[in-house]
Amino acid sequence: MRVLLIGSGGREHALTKAFLASPRLTTLTVAPGNPGIAHDAPTAPLTSLAEVQAWLATHPTDLVVIGPEAPLAAGWSDAIRALGIPVFGASQSAARLESSKGFAKQVMQRVAVPTAAFRVFHDTAEASAFVRQSGQAWVVKADGLAAGKGVIVAESMSETLDAIAQLAALPAGERILLEERLYGPEVSLIALSDGQTVLALPSARDHKRIFDGDEGPNTGGMGAIAPLNSITQPVAQQLAEIVMQPVIAMLAAHQTPFVGALYAGLMLTEHGPKVIEFNARFGDPETQVILPLCDGDVLLALYAAATQALTPATLGWRTGAAACVVLSSAGYPDAPRSGDVITIDPTKIPANGTILHAGTRRDGNQLVTAGGRVLNAVGYGADVVSALRTAYATVDAVQFAGMHYRLDIGQTELV
Ligand code: AMP
Ligand code: GLY
């Protein structure tokens with residue numbers, strides 16, 4: 001199978017490694033990729049849809065896999081499918097589950113998927129007046145894509161008002177959502193869908209705040225573990241049937257089937273699981289810990305989803321656990337510094353440990369930081385304790401000025 005993978009983060013490096021393990025792979029090209037990906041597979045410097053289309057015109061391709069949200073929201077899947085090539089990645093219409101929080105809320109309401117109560121506002125003055133009248137704090141969200149910066153969990157009424165002003169100033173903040181605050185442990189549930197069938201992948205937990213103990217600003221994600229003790233594989237599939245299947249069915253009924261990875265950010269509240277958000281793609285860093293737990297051919301599974309042939313038996317699951325520690329650059333998330341020289345000592349990487357690249361760049365013969373989340377240290381083991389031990393031992397193989405990482409990844413699962 002000839003495959004084009006679009007993206008350049010740790011998620012795409014994890015997908016690259018999974019695809020390379022497939023006996024069915026003949027060629028893999030990653031566009032644009034990163035230096036770690038380029039070490040493993042050919043890359044092509046394609047960054048626009050026009051460039052991708054031109055490349056596909058001269059490179060016969062059996063499957064295109066789109067990793068990040070921006071090309072999905074921009075309709076790349078639709079344009080590539082129109083060339084007759086199977087695509088694993090949501091159409092522009094289906095990707096509105098992520099690109100418009102208001103759309104996601106409407107769909108959830110229509111098909112009775114449990115989620116936080118909410119109101120949508122087109123006007124900040126109206127939103128502020130509503131908050132003053134309510135006399136309470138709200139979770140404030142910008143409607144559109146905001147690269148993880150579109151949500152503020154306000155602690156008070158005045159923080160809520162400040163949050164409205166702050167988010168309304170973003171390009172994504174043309175519409176503002178006010179949402180009831182939920183309490184409980186968070187779960188990332190990711191499933192493959194071919195438009196009809198939903199196949200849940202192992203449950204995972206991200207760690208979104210920059211500092212230990214969930215302190216500091218939100219980030220794209222500072223580390224992950226999978227699976228969660230309380231969400232075994234049958235429970236994950238049950239959850240997917242509850243929170244995803246009705247959404248998938250509704251999108252199919254509206255001739256906008258969801259083909260790709262559907263991600264539900266769930267909160268396990270005292271009133272049951274509720275959806276905090278949908279993403280129309282694999283999570284990052286969740287993918288880095290989910291793929292090592294898949295038993296079977298991940299590439300064929302994505303092909304099955306892209307060609308409406310997914311079945312419950314498409315993938316099996318390995319026992320054990322995986323952990324990922326994100327190494328971030330100085331200044332992340334507010335003002336990540338680039339250009340710090342990275343050294344990796346391969347002799348220090350333990351068996352079952354892997355380093356994945358995210359925000360790195362080649363500068364002459366040096367590897368330097370080029371983004372907020374720089375590298376991922378991933379460990380696999382018989383249980384969470386050993387996966388974490390391996391992931392943190394892998395961290396020790398890396399050095400760069402300003403390197404930051406959380407020391408408490410996975411602690412919630414060690415009770
Ligand atoms: P999101 O970008 O929607 O994933 O939101 C980022 C983070 O904000 C989530 O992972 C939650 O920790 C928090 N959050 C979002 N919505 C709510 C809510 N309704 N109640 C409590 N926390 C929330
Ligand atoms: N790790 C959170 C996300 O991928 O959105």
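Up top is the structure these notes are about.
Small disclaimer: the values here were computed from a predicted structure and weren't measured.

Focus on the pairing of strand β19 (residues 321–328)
Each regular strand shows side chains that alternate between the opposite faces of the sheet.
Moving on, step 1. Counting buried residues along β19, eight of its eight residues qualify, which places the element largely inside the surrounding structure.
Moving on, step 2. The alternating pattern of β19 places Ala321, Ala323, Val325 and Leu327 on one face and Ala322, Cys324, Val326 and Ser328 on the opposite face, and all of these are buried.
Moving on, step 3. The pairing of strand β14 (residues 223–226) with β19 spans four bridges and is antiparallel. Note that in β19 the partner of Ala224 across the bridge is Cys324.
Moving on, step 4. Relative to strand β24 (residues 373–381), β19 is paired through eight bridges, and the arrangement is antiparallel. Bridge pairing in β24 links Ala323 to Gly379.

Section: the sheet that holds β24
Moving on, step 1. Overall, antiparallel pairing links the five strands, which are arranged β11-β14-β19-β24-β21 in an open sheet. Two strands close off the open sheet at either side, each with one partner strand: β11 (205–206) and β21 (353–357).
Moving on, step 2. Packed onto the sheet, helix α1 (residues 10–20) meets β21 and β24 and runs at close to 125° relative to β21.
Moving on, step 3. Seen against the sheet, helix α14 (residues 384–395) touches β14, β19, β21 and β24 and runs at an angle of roughly 140° to β24.

Considerations on the pattern of salt bridges
Moving on, step 1. As enumerated under the stated definition, the model contains 16 salt bridges in all.
Moving on, step 2. Where Lys105 meets Glu179, a salt bridge forms, and the shortest distance between an N and an O atom there is 3.3 Å. In this pair, Lys105 sits in helix α7 (residues 101–110) while Glu179 sits in strand β8 (residues 176–179), placing the two residues 74 residues apart along the sequence.
Moving on, step 3. The class of Lys105 is buried, set by a relative accessible area of 2%.
Moving on, step 4. Note that Lys208 is salt-bridged to Glu277, the shortest N-O span being 3.5 Å. Taken as a pair, Lys208 in the loop between β11 and β12 (209–211) and Glu277 in strand β16 (residues 272–279) lie far apart in primary sequence, 69 residues in all.
Moving on, step 5. Here Lys208 falls in the partly exposed class, since its relative accessible area comes to 27%.
Moving on, step 6. Through salt bridges with shared partners, a single network forms among Glu69, Glu98 and Arg281.

Some thoughts on the site of ligand 2
Moving on, step 1. Near ligand 2, the surroundings consist of Asp206, Gly220, Tyr263, Asn279, Arg281, Gly283, Asp284, Pro285 and Glu286.
Moving on, step 2. Measuring from a nitrogen atom of ligand 2, one finds a backbone N or O atom of Gly220 at 3.3 Å.
Moving on, step 3. Here a nitrogen atom of ligand 2 sits 2.8 Å away from a polar atom, N or O, in the side chain of Glu286.

The rules we used
- Residues numbered from 1 in each chain as written.
- Chains lettered and ligands numbered in written order.
- Predicted model: local features only at pLDDT ≥ 70, side-chain atom pairs only at ≥ 80, totals over all residues.
- Heavy atoms only, no water.
- Buried < 20%, exposed > 50% of the residue type's maximum accessible area, 1.4 Å probe, protein only.
- Helix = DSSP H or I, 4+ residues; strand = E, 2+ residues; numbered from the N terminus.
- Pairing = 2+ DSSP bridges.
- Contact = heavy atoms within 4.5 Å.
- Axes fitted to C-alpha atoms, helices over the stretch in contact; angles between N-to-C directions.
- Salt bridge = Lys/Arg side-chain N within 4 Å of Asp/Glu carboxyl O.
- Near = heavy atom within 4 Å.
- Polar contact = N/O pair within 3.5 Å; in protein donor to acceptor, adjacent residues only side chain to side chain.

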